[in-house]
Every structure is written in structure tokens, then in C-alpha cells.
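# Descriptive analysis of the structure
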Amino acid sequence: MNTTLIPMPDGRRLQIEAAGPDDGIPLIFHNTTPGSARPYRALKTAAEKHGLRLITFARAGYGLSTRKPGRIVADAAADVASLLDHLSIQRCLVLGWSGGGPHALATAALLADRVAAVASVSGFAPFDAHGLDFFADMGQANVDSLTLAQRGEAAIAAPYTAAAAAMATTTGPDLTTHLATLLSDNDRAFLSDPQTAQDVAATVATGVRYGATGLIDDDLAFVKPWGFDIRQVAVPAFVWHGGQDLMVPYAHGEWLSEQVPGAVPRLLKSEGHFSVALGQTTEIVNELLEAF
């Protein structure tokens with residue numbers, strides 16, 4: 001992977017990592033919460049198989065990307081537009097996992113002329129989604145953190161800073177303990193593979209190595225209006241979600257499948273948060289490619 005810091009119009013810098021041939025079909029990946037520019041092994045393998053140009057980036061405040069205080073979900077689209085301009089890319093595929101899901105949908109909605117297709121994998125629905133009980137069936141740690149986030153940055157700064165410090169040193173063997181209330185039996189079994197667990201731990205640790213601001217700003221953005229209407233998505237869209245997901249409950253995937261215009265639902269009741277994203281990566285990428 002080639003790591004680069006690229007300039008944003010407002011003076012910030014965005015950390016990106018790119019791999020694959022310059023003439024390969026570009027795939028932009030919106031990482032998890034917390035996340036980083038470091039891609040997952042499963043995604044790298046799927047991209048290499050198809051000769052894709054895989055581009056991952058650290059959202060504002062993560063890794064080496066400059067913070068953008070007060071950012072909303074929709075702001076991710078402008079950052080991707082700058083990224084595409086910097087790399088002279090006209091058209092791309094977009095994929096977002098977990099906390100990256102809303103940001104991927106924002107990119108598709110607001111950059112419809114540059115996005116060929118989008119996949120939201122285990123992604124959140126809007127906090128104010130009509131007809132959705134946002135917290136139903138969600139693991140306690142996420143209920144607690146997102147409930148606290150509704151009180152604003154002052155309420156979450158200290159606990160999130162402490163959490164980020166712990167995450168920065170988390171290793172694969174620690175992962176299931178750290179995520180105890182957020183793992184279904186399915187995901188716990190999936191993460192029992194040492195390489196998979198270490199891959200997830202390393203990606204998270206890389207994102208929070210320099211502090212908690214990315215995590216803080218992600219959660220603050222999730223509990224306020226996203227800045228775009230989900231019905232603005234006008235490109236081929238795929239919604240992947242597992243029925244055993246305790247991080248982002250299955251109902252979120254059902255809601256998105258119904259509300260994103262023309263979305264193709266891939267709702268797998270026997271899968272979890274990690275087993276969908278990291279176990280179905282090849283299928284997800286194949287489906288995106290068919291829509292390019």
C-alpha cells in the first residue's frame with residue numbers, strides 16, 4: 001500500500017492508502033468506527049483478484065487525517081470528491097462497512113455523477129429514521145456510547161479518550177474481551193481465527209493511535225441529521241446485513257433496504273457484523289463490479 005497525505009480545500013490533510021494498478025477500476029472504501037486508512041486483508045485480496053485500484057482513507061480525525069470539528073456524515077462526500085480529483089479519477093465504486101456505511105451512502109447520494117455503485121455493509125440507518133427503533137437489539141456498549149453522544153462532545157471527550165487509548169494497544173487476543181457486549185456467538189466464532197482478529201485490531205489501533213477525535217466526531221455525527229436524504233441515492237445500491245449483528249442491528253439493514261431507492265437487499269439472518277463484511281467480501285466486490 002502507498003500512504004499519502006493529500007490537501008483538502010479547507011487546509012486539512014487526508015490520509016489515504018492506495019494499491020493496485022493506476023488503470024484499475026477504483027474502489028473507495030469507507031472504514032469502520034473507529035477505523036483508519038489501513039484496509040482489511042479480505043478486501044485487499046478481493047481487490048487484487050480483480051485488478052482493482054483500492055483506495056482507503058482515514059476520515060477526518062483518524063490516523064494522520066486532520067480533524068474537522070462539527071463534521072456531519074454528508075461531509076465525507078466532499079472529502080471523497082477531493083480525493084478523486086487528486087488522483088484524477090472520474091468514476092468509482094464505493095463500499096462502506098459499519099460506521100463507514102452512512103458515509104458511503106452520502107458519497108453515492110451527493111456524487112452521483114462520479115459513483116457507479118455503492119454497498120452499505122452492516123451500516124447504520126439514520127438516528128431519526130422513521131419507523132425504526134434505533135437501539136433495539138443493539139449491544140450495550142454501543143447503546144451506552146451513542147446515548148452519551150446525544151449530550152455532545154463535552155460529555156464524551158473524557159471517556160472516549162480513555163477508550164481510544166485502550167484501543168490503540170489492543171491486540172487480536174484482546175478483541176473478544178474488549179467487544180464483549182457487541183459480539184454474537186457467530187461473530188465470536190468468526191474472530192476466533194487469530195489472523196482475522198489481529199487484522200481487525202490493527203486497523204482499529206491505527207485509527208486511534210493519535211487520539212480519539214475521529215471516534216468522537218463519528219459518533220456525534222451519527223446522532224444528528226446526516227445532511228442528506230437517503231432517498232437521494234440514485235445509483236445501484238446494495239445493502240448487506242447480518243441477522244446476528246449486535247453492533248448495528250439487523251433492523252437497520254432492513255430499513256435501509258426499504259428506503260434506499262432500488263436497493264438490492266442482501267440480508268443474511270445467520271451472519272453477524274464481522275462475518276458479513278469479512279466473510280462475504282468477494283461476493284460484495286463482485287456485485288459492485290457487475291454494476292460498474
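A short tour of the structure in this document, coming up. Remember, predicted model here, so these are calculated numbers, not experimental data. (Residues numbered from 1 in each chain as written. Predicted model: local features only at pLDDT ≥ 70, side-chain atom pairs only at ≥ 80, totals over all residues. Heavy atoms only, no water.)

This next bit is on the overall build of the chain. If you tally the helices and strands in the chain, you get 12 helices and eight strands. Taking 2.2 N^0.38 as the reference for a compact globule, 292 residues should give roughly 19 Å; the C-alpha atoms of the chain span a radius of gyration of 17 Å, in line with that estimate. In terms of its C-alpha atoms, the chain occupies a principal-axis envelope of roughly 45 × 40 × 40 Å. The 292 residues of the chain split such that 57% are buried. The long-range fraction of contacts in the chain, counting pairs at least 24 apart against all pairs at least 6 apart in sequence, stands at 77%. (Helix = DSSP H or I, 4+ residues; strand = E, 2+ residues; numbered from the N terminus. Rg over C-alpha atoms; globule rule 2.2 N^0.38 Å. Buried < 20%, exposed > 50% of the residue type's maximum accessible area, 1.4 Å probe, protein only. Contact = heavy atoms within 4.5 Å.)

Here eight strands make up an open sheet; going across it, the order is 1-2-4-3-5-6-7-8 and the pairing mixed. The sheet is open, and its two edges are formed by strand 1 (2-7) and strand 8 (264-268), each paired on a single side. Shown here is a sheet whose adjacent strand axes are inclined to one another by a mean of 20°, direction ignored. Note: strand 3 (residues 26-30) against strand 5 (residues 92-97), four bridges, orientation parallel. The partner of Leu27 across the bridge, within strand 5, is Leu93. (Pairing = 2+ DSSP bridges. Axes fitted to C-alpha atoms, helices over the stretch in contact; angles between N-to-C directions.)

We now examine the layout of surface pockets. Looking at the largest pocket, its volume works out to about 700 Å³. What lines the largest pocket is a set of 34 residues, and nearest its centre among them are Thr33, Pro34, Asn142, Met167 and Leu182. Of all the secondary-structure elements, those providing two or more residues to the lining of the largest pocket are helix 4 (140-149), helix 5 (153-167), helix 6 (175-178), helix 8 (194-208), helix 9 (213-222) and helix 11 (273-279). The element contributing the most residues to the lining of the largest pocket is helix 4, with six residues. Grouping the constituent residues of the lining of the largest pocket by class yields 23 nonpolar, nine polar and two charged. One number sums up the size of the second largest pocket: a volume of about 260 Å³. Lining the second largest pocket are 13 residues, with Pro126, Asp128, Asp229, Ile230 and Trp255 positioned closest to its centre. Split by residue class, the lining of the second largest pocket holds seven nonpolar, three polar and three charged. (1 Å grid on protein atoms, 1.4 Å probe; cavity = no way out; pocket = protein on both sides within 12 Å on 5 of 7 lines; lining within 4 Å. Points joined across faces, edges and corners; volume = space filled by probe spheres on them. Nonpolar A, V, L, I, M, F, W, Y, C, P; charged D, E, K, R; others polar.)

All right, on to the packing of aromatic side chains then. Under the criterion given, the structure shown has nine aromatic pairs. Relative to Tyr40, the ring of Phe29 has its centre 6.4 Å away and its plane inclined at 85°; by these criteria the two rings are edge-to-face. Taken as a pair, Phe29 in strand 3 and Tyr40 in the loop between strand 3 and helix 1 (41-49) lie far apart in primary sequence, 11 residues in all. Judged by relative accessible area, Tyr40 falls into the buried class, the value being 2%. Here the aromatic residues Phe124, Phe127, Phe134, Phe135 and Phe222 are joined through ring pairs into a cluster of three or more. Note that Arg91 overlies the ring of Phe292, its terminal NZ or CZ placed 4.9 Å from the centroid. (Phe/Tyr/Trp six-rings, centres within 6.5 Å; stacked < 30°, edge-to-face > 60°. Lys NZ or Arg CZ within 6 Å of the ring centre and 35° of its normal.)

Our focus in this paragraph is the side chain of Asp79. Secondary-structure assignment places Asp79 in helix 2 (residues 75-86). Leaving out residues up to four positions away in the same chain, Asp79 has contacts with Met8, Arg12 and Leu14.

A cis geometry characterises the amide bond from Thr33 onward to Pro34, with omega recorded as -10°. With respect to the helices and strands, Pro34 occurs in the loop between strand 3 and helix 1. Phi at Ser88 is positive, roughly 55°, even though this residue is not glycine. Tracing the sequence through the fold places Ser88 in the loop between helix 2 and strand 5. Located in the positive-phi region is Asp137, a residue other than glycine, with phi close to 65°. In this structure, Asp137 sits in the loop between strand 6 (115-121) and helix 4.

Relative placement of two packed helices is described by the angle separating their axes and the distance separating the axes. Between helix 4 and helix 9, the shortest axis-to-axis distance is 8 Å and the interhelical angle comes to 80°. In terms of their interaxial angle, helix 4 and helix 9 are classed as roughly perpendicular. Between helix 4 and helix 9, the residues in contact are Ser145, Leu146 and Ala149 and Asp219, Leu220 and Phe222, respectively. Class assignment for the residues of the contact of helix 4 with helix 9 results in four nonpolar, one polar and one charged. (Parallel < 35°, antiparallel > 145°, perpendicular 65-115°, else oblique.)

Right, let's get into empty space enclosed by the protein. Taken as a whole and assessed by the stated rule, the structure comprises two cavities of 30 Å³ or more. Every residue along the wall of the largest cavity is listed here: Phe29, Tyr40, Leu43, Leu95, Trp97, Val121, Ala277, Leu278, Thr281 and Ile284. Breaking the lining of the largest cavity down by element, the ones donating at least two residues are strand 5, helix 11 and helix 12 (281-290). When the residues that make up the lining of the largest cavity are grouped by side-chain class, the tally is nine nonpolar, one polar and no charged. Empty space within the second largest cavity amounts to approximately 60 Å³. In terms of lining, the second largest cavity is formed by Arg12, Phe57, Arg59, Ala60, Lys68, Arg71, Ile72, Asp75, Ala76, Asp79 and His103.

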